[in-house]
Amino acid sequence: MIRYYTTDNTAAAIPLRDIPEVSYADFYDDLCTKLAEPRYHLAHYFVLPEEGRMRFYALLLDDETSQVLVTSFATDYYDDTALPSLTARHPQVHPFERDIAERYGIRFDGMPWAKPLRFPFDRYDRASSMDNYPFYTIEGSELHEVNVGPIHAGIIEPGAFRFICSGEQVLHLEIALGYQHRGVEHAFETTANRLRQCCLAETVAGDSAVAHATAFVEAVEKLTGHERPAQLDRERAIALELERMAMQIADTGALAGDVSYQLGQVACEALRTMTINTTQAWCGNRFGKGLVRPHGTNHPLDVETSAMIRHNVAEIARRYDEVRHDIKSSPTLLARFEQCGVVTRDQMTVLGGVGQAARASGLPRDLRTSHPWGVYAKHIRHESIVKTQGDVMARLMMRCREVLQSADYIDRLLTIYQQKYTDTPNPCTAPDYTAPLAASSLSFGLVEGWRGETCHVLVTDATGEIAACRIKDASLHNWTALALALRGEGISDFPICNKSFNLSYCGHDL
Amino acid sequence: MIFPKLKVLHSHGQQAIPDLDAVTLTERFRGRPELTETADTADLEAAAALCPTGALAAQPFTLDLGRCLFCGECALRAPRNIRFTNDYRIGSPTREGLVMRPGMAVVPFDPATARPELARCFGQSLHLREVSAGGDASVEMELGATGNVNFDFGRFGVGFTASPRHADGVVVSGPVTANMAEALRICYDAVAEPKLLIACGTEACSGGLFAESRAVDRTFFATHKVDLWLPGAPTHPMVFIDGIRTLLGKKRRG
């Protein structure tokens, strides 16, 4: 048992000096034990060079007690002793160790599948490039490989997929990413303009703009320590749930399109338009960009907007439920979706899966329940929807149920608004981009976006400027789950498996 | 089994926008800005200092839509100087055309600057290959939406195709990451002449928030002529539809 700084998702920023520093051997032993229990998973694990040393920070989430456990260890800057790899024991550490190794040249002893993660511009080994990604191959005259990407047939982001197939059957899928690497984290660290940082957070993954912006401003507000009105939390939650509805509906439509279920596709396209137009009528942007800002908002709810959102959301929920009902009563759709792309609960647990994909496999991971923040810690006692089958159908039905749940939450939050502020003015004020941040501290924002766990960690220097920003999109955990889902499936089922996860390329590549 | 379908169909109703050239967006949509000069420039300078991408300059007073994220913050800081209208006709055939100055009531679109063969070759049918090179998925989703049941841009024979070999041009989104630079070039080269090139979204137009990033390689735009610049973060489907229609001579501006 090592020392951790114990906190939760609502507490203030942590002074760096209060974060325990342990030896790697103890860290390794303790994580080996803890990660064997499904209640724990690693939310973030990264390195920051500081004063001639490499300091490693780890954020461990305990789903049973709502605690966030923070600890660290350090090595000398030029020390190139290989550290025993945790991935070898717990594959969920894999993307983090890959990132650390790729960026700083730190070696992990016995690390399986030691490959580049995203080819960042500041990678340690400049000889490693997109062109020489070491794809896994299997020798055999009866096997063939199919390469897809980086440019895909649809209008989506780039990524390379290499299938090893026996006939139509996929034996193995490997996903190579990094094409989208823009240097987001570095951009955060090289500006003091907090509005620019907010805009950067919104563009980490454009389809999760609200989730990432909320995670960022949560982290900033923990550093400033200022109180904010409860109404602001409610408005952010409304935006987050609207985003969830829009994307879950979009994915339902995309899945419908892939199996030529045209009615469902066009109905969902229209419903998604209605959802994002609702967001646009509120804040001027269909993706909610510009809505979430530190300490305030430029778009406080008013009576007309609130009534408009309420009316639209009820209508969307009603019509979407009809689509859900139609899907469930169409045998041709069930034949395609059921028992396709199965990821078991055990696999998800081992991979550290998060978000709706994990919940569809019976792993109840949802920050709104386990590590509530804002309204989820007060007005809404969120109960996660969990399915056990882990197939495409489970992930689709997860979406269907979550849309209805989100619609209900939005309605409840707007009811509170209408009860409180019909006659009195909305207490949300303009954003504050200049509030000083606590110096030499670490803070994090953990937000359950529609895709899952979204985490922003900020570390400030002695002058209170943001010295480091480490971002994790839910996709980082879940890409490997998609690769596993394909094993043994026909390659023609790849589109529906892929869309049932709909993971982010840019959120992964940063 | 038929009844749930009938129910969905009944609720769905008629969704296509009847006249794409007559669309008005919500009042709160931030489109073409109107700039007004005032003697006192304190507000304007404060707004320019805050601008996340340096799109706004106080001296001389200009707002470069190719760098603007349409966050609207400047209009709140300097309401006497800047006002965002809901005008979505903000595409331009030249990069310089995106720079707004005080008194401009329209984003200029001189049909003479567009290559004449574009309207001749692609006036009836235009198929495009989209390449996301660091786009954050929002521009890509908006481009996908141009063909959906609401906008239905396909009614004019404009759509997206899966292969550059079937395409008449390339639409680029994102700031062009170094890791995608070569794939973009290969894709563009695979399109047969005559072809057109469209930069879609503020990040494609200028690099946006990533203009100075070392992970970005914009050589492609330095060596290829762009036929249509479409700003926006993300570009609204109507900005895209209006831009293409105007480029192909189906619509006039001003």
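Conventions adopted
- Residues numbered from 1 in each chain as written.
- Chains lettered and ligands numbered in written order.
- Predicted model: local features only at pLDDT ≥ 70, side-chain atom pairs only at ≥ 80, totals over all residues.
- Helix = DSSP H or I, 4+ residues; strand = E, 2+ residues; numbered from the N terminus.
- Rg over C-alpha atoms; globule rule 2.2 N^0.38 Å.
- Buried ≥ 20, exposed ≤ 12 C-beta atoms within 10 Å, placed from the backbone.
- Contact = placed C-beta atoms within 7 Å.
- Pairing = 2+ DSSP bridges.
- Axes fitted to C-alpha atoms, helices over the stretch in contact; angles between N-to-C directions.
- pLDDT = per-residue confidence, 0-100.
- Right-handed = clockwise from strand over helix to strand, strands pointing away.
- Nonpolar A, V, L, I, M, F, W, Y, C, P; charged D, E, K, R; others polar.
- Core = buried A, V, L, I, M, F, W, Y, C linked by C-beta atoms within 7 Å.
- Parallel < 35°, antiparallel > 145°, perpendicular 65-115°, else oblique.
- Left-handed = near helix turned anticlockwise from the far one by under 90°.

Engineer: Which residues make up the overall build of chain A, and what are the values?
Structural biologist: Secondary structure assignment for chain A yields 16 helices and 14 strands. Its C-alpha radius of gyration of 22 Å places chain A within 12% of the 24 Å reference for a compact globule of 510 residues. Dimensions of chain A, computed from the C-alpha atoms along their principal axes, are close to 65 × 60 × 35 Å. Looking at chain A residue by residue over its 510 residues, the buried ones come to 56%. Of all intrachain contacts in chain A linking residues separated by at least 6 positions in sequence, the fraction that spans at least 24 positions is 68%.

Engineer: Run through the overall build of chain B, naming residues and quoting values.
Structural biologist: For chain B, the helix and strand inventory stands at nine helices and 10 strands. Over its C-alpha atoms chain B spans a radius of gyration of 19 Å, differing by no more than 12% from the 18 Å that the globule rule assigns to 254 residues. Within chain B, buried positions represent 51% of all 254 residues. Pairs at least 24 apart in sequence give 79% of the contacts found in chain B among residues at least 6 apart.

Engineer: Which residues make up the sheet that holds strand β10 (residues 160-166) of chain A, and what are the values?
Structural biologist: All names here are of chain A. Spatially, β9-β10-β11 is the arrangement adopted by the three strands of the open sheet, whose pairing is antiparallel. Only two strands of the sheet have a single neighbouring strand rather than two, namely β9 (144-148) and β11 (169-176). Neighbouring strand axes in the sheet, compared pairwise and without regard to direction, differ in orientation by 20 degrees on average. Of the strand pairs in this sheet, β10 and β11 are connected by seven bridges, and their pairing is antiparallel.

Engineer: An account of the confidence of the model for chain B is needed here, citing residue identities and associated values.
Structural biologist: Residues at a pLDDT of 70 or more form 100% of chain B, whose mean pLDDT is 92. Note on the complex model: pTM 0.94, ipTM 0.92.

Engineer: Go over the pairing of strand β9 (residues 196-200) of chain B with me, naming the residues and quoting the values.
Structural biologist: Residue and element names in this part refer to chain B. Where burial is concerned, most of β9 is hidden: four out of the five residues are buried. Taken together, the five bridges between strand β8 (residues 169-173) and β9 define a ladder with parallel strand orientation. Bridge pairing in β9 places S173 opposite C200. Handedness of the crossover is the feature at issue here: the chain leaves β8, passes through helix α6 (residues 181-190), returns alongside β9, and the resulting connection is right-handed. When β9 meets strand β10 (residues 228-230), the two strands line up parallel, connected through three bridges.

Engineer: Give me the lowdown on helix α2 (residues 94-104) of chain A, citing residues and values where you can.
Structural biologist: Residue and element names in this part refer to chain A. Counting buried residues along α2, nine of its 11 residues qualify, which places the element largely inside the surrounding structure. For α2, the full list of buried residues reads H94, P95, F96, E97, R98, D99, I100, A101 and E102. Those residues of α2 that are buried are in contact with β4 (40-50), β8 (108-109) and α14 (475-486). Just downstream of α2, G105 is the residue with a positive phi angle, here 70 degrees.

Engineer: Just give me the short version of the sheet that holds strand β6 (residues 126-132) of chain B, but keep the residues and values in it.
Structural biologist: Adjacent strands of a sheet pair through backbone hydrogen bonds, lying either parallel or antiparallel. Residues and elements named next belong to chain B. The parallel open sheet is built from five strands, whose spatial order is β7-β6-β8-β9-β10. Looking at which strands have only one partner, the edges of the open sheet turn out to be β7 (158-160) and β10. Sheet twist, expressed as the average angle between the axes of neighbouring strands with direction ignored, equals 25 degrees. Where β6 lies against β7, three bridges are found, and the strand directions are parallel. Opposite H127, over in β7, you have G159 as the bridge partner.

Engineer: Quick rundown of the interface of chain B and chain A? Include the residues and the values.
Structural biologist: Each side of the interface is counted separately: chain B has 52 residues, and chain A has 51 residues. For the side of chain B that touches chain A, the secondary-structure elements that each account for two or more residues are α1 (2-12), α3 (73-77), β6, α5 (138-145) and α6 of chain B. The element that contributes the greatest number of residues to the side of chain B that touches chain A is α1(B), accounting for seven residues. Looking at side-chain class alone, the side of chain B that touches chain A contains 28 nonpolar, 15 polar and nine charged residues.

Engineer: Quick rundown of the environment of A:T332? Include the residues and the values.
Structural biologist: Residue and element names in this part refer to chain A. Following the sequence through the fold, T332 ends up in helix α9 (residues 331-337). For T332, a count of 11 C-beta atoms within 10 Å puts it in the exposed group. It is 9.2 Å that separates the C-alpha atoms of T332 and Y261, two residues lying 71 residues apart in sequence.

Engineer: Can you explain unusual backbone geometry? Please cite residues and give values.
Structural biologist: Backbone torsion omega between A:G149 and A:P150 reads 10 degrees, so that peptide bond is classified as cis. The topology assignment puts A:P150 in the loop between β9 and β10. Looking along the chain, the bond that leaves B:A233 and enters B:P234 is cis, with omega of -5 degrees. For B:P234, the position within the fold is in the loop between β10 and α9 (237-247). Backbone geometry at A:E51 places phi at a positive 45 degrees, although glycine is not the residue there.

Engineer: Just give me the short version of the nonpolar core, but keep the residues and values in it.
Structural biologist: With 220 residues, the main nonpolar core has A:I410, B:A47, B:V172, B:A199 and B:C200 as its most contacted residues. Residue contributions to this core peak at 14 residues, all from helix α13 (residues 392-421) of chain A. The residues contacting B:C200, other than those within four sequence positions of it, are B:V139, B:L143, B:V171, B:V172, B:S173, B:L230, B:T235 and B:F240.

Engineer: Mind laying out the packing of helix α8 (residues 303-328) of chain A against α13(A), listing which residues take part and the relevant values?
Structural biologist: The axes of two packed helices give the description: the angle between them and the distance between them. Residues and elements named next belong to chain A. Following both chains from N to C, one finds α8 and α13 inclined at 160 degrees, their axes separated by 10 Å at the closest point. Between α8 and α13, the angle falls in the class roughly antiparallel. For the crossing formed where α8 meets α13, the hand is left-handed. When α8 is examined against α13, the residues S306, I309, R310, V313, A314, I316, A317, Y320, D321 and R324 are found in contact with a partner set consisting of C400, V403, L404, A407, I410, D411, L414, Y417 and Q418. Within the contact of α8 with α13, the residues separate by chemical class into 13 nonpolar, two polar and four charged.

Engineer: Now, about the pairing of strand β12 (residues 441-448) of chain A: what can you tell me, with residues and values included?
Structural biologist: Residue and element names in this part refer to chain A. Counting buried residues along β12, eight of its eight residues qualify, which places the element largely inside the surrounding structure. With burial as the criterion, each face of β12 is covered, one bearing S441, S443, G445 and V447 and the other bearing L442, F444, L446 and E448. With seven bridges connecting them, β12 and strand β13 (residues 453-460) associate as antiparallel partners. Counted as the bridge partner of E448 is E453 from β13. What sits between the antiparallel neighbours β12 and β13 is a turn of four residues, in which G452 has the positive phi angle 140 degrees.

Engineer: For the environment of A:K222, give the residues involved together with the corresponding values.
Structural biologist: Topologically, A:K222 is positioned in helix α5 (residues 209-224). Separated by 178 residues in the primary sequence, A:K222 and A:H44 have C-alpha atoms spaced 18 Å apart.

Engineer: Explain the environment of A:A281 residue by residue, including any values.
Structural biologist: Residue position: A:A281 is located in helix α7 (residues 262-283). It is 8.6 Å that separates the C-alpha atoms of A:A281 and A:M308, two residues lying 27 residues apart in sequence. When near neighbours in sequence (up to four residues on either side) are disregarded, A:A281 contacts A:M308, B:T26 and B:R28.

Engineer: Mind laying out the packing of α13(A) against helix α15 (residues 494-501) of chain A, listing which residues take part and the relevant values?
Structural biologist: Residues and elements named next belong to chain A. Orientation of α13 relative to α15, taken along the N-to-C sense of each, is 35 degrees, at an axis distance of 9 Å. The two elements α13 and α15 cross, and the hand of that crossing is left-handed. From α13, V392, R395 and L396 reach across to α15, where they touch I496, C497, S500 and F501. For the contact of α13 with α15, a count of residues per class yields five nonpolar, one polar and one charged.

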